[in-house]
Amino acid sequence: MFLNGRYATGGAVKQAQPKPPRKPDAVVKEAQEILTSKGFNPGAIDGWMGEKTREAIIAYQKAHPHLEADGILGPATLSLLRRDAKALRDAVTKGAGSAVGSGALAFMAGLPWGWIALGVAALAVGYVAYRYRDVIARRWNSWRGKEAAVQWRGSPAPLPAARIAPKLGE
């Protein structure tokens, strides 16, 4: 019954046509809409099985190895397209309890989480650097060999850092 990605019993097989038909084909239009939603570019959604639609179908068939990549919109390719579209609709609608929730899920799925994590990490490092800026400055200066002078409030002159915080070995 099922042979090389095609049904052996025949069915409505759509092949590329050189001229657009007088009346758009509803099945081809449906396939073009699904291909567009899956990221394949069939060109204009006009119900015409042209070369761009054929190329998009070939790319879709190559992405699914059990289909024969011949560019023909046969029953096997069409049923898999419809199944993929139904799975996508179910994931969006059943993934959340409401329309707002599904919209939020779709929004969250499209966010660049790597860049967001990098921004949060940069903010955290910036906050720590600002919060401990005096400690960082003292350690930086001591590493460079410069003695930092510390002035207490109310004292007339700065005191050397050695008198305030003696070295640990002393």
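Residues numbered from 1 in each chain as written. Predicted model: local features only at pLDDT ≥ 70, side-chain atom pairs only at ≥ 80, totals over all residues. Heavy atoms only, no water.

A. The pattern of salt bridges, seen in detail. Within the structure shown, the criterion is met by one salt bridge. Among the ionic pairs, Arg82 bridges to Glu30, the shortest N-O distance being 2.9 Å. With Arg82 in helix α3 (residues 75-94) and Glu30 in helix α1 (residues 26-37), this pair connects stretches of sequence that are 52 residues apart. A relative accessible area of 27% places Glu30 in the partly exposed class. (Salt bridge = Lys/Arg side-chain N within 4 Å of Asp/Glu carboxyl O. Helix = DSSP H or I, 4+ residues; strand = E, 2+ residues; numbered from the N terminus. Buried < 20%, exposed > 50% of the residue type's maximum accessible area, 1.4 Å probe, protein only.)

B. Geometry of the side chain of Asp70. As for its placement among the helices and strands, Asp70 is situated in the loop between α2 (51-63) and α3. A relative accessible area of 18% means that Asp70 is categorised as buried. Looking at Asp70, its side chain comes within polar contact range of the main-chain nitrogen of Ile72, at 3.1 Å. (Polar contact = N/O pair within 3.5 Å; in protein donor to acceptor, adjacent residues only side chain to side chain.)

C. Here's a closer look at the packing of helix α5 (residues 113-131) against helix α6 (residues 133-144). Two numbers describe how α5 lies on α6: the axes approach to 4 Å, and their chain directions differ by 75°. In this view, α5 runs roughly perpendicular relative to α6, as classed from their interaxial angle. Listed contacts from α6 to Ala129, Tyr130 and Arg131 of α5 are Arg133, Asp134 and Ile136. Tallied by class, the residues present in the contact of α5 with α6 amount to three nonpolar, no polar and three charged. (Axes fitted to C-alpha atoms, helices over the stretch in contact; angles between N-to-C directions. Parallel < 35°, antiparallel > 145°, perpendicular 65-115°, else oblique. Contact = heavy atoms within 4.5 Å. Nonpolar A, V, L, I, M, F, W, Y, C, P; charged D, E, K, R; others polar.)

D. Fine view of α1. End to end, α1 covers 17 Å across 12 residues, agreeing with the expected 16 Å (1.5 Å per residue, within 8%). Listed in full, the buried residues belonging to α1 are Val28, Ala31, Gln32, Ile34 and Leu35. All buried residues of α1 lie within an arc of 165° about the axis, which places them on one face of the element. For α1, the N-terminal cap is Asp25; the gap from its side-chain oxygen to the backbone nitrogen of Val27 is 3.2 Å. One or two residues past the end of α1 sits Gly39, with phi positive at roughly 100°. (Expected span 1.5 Å × (residues − 1). Arc of directions from axis to C-beta.)

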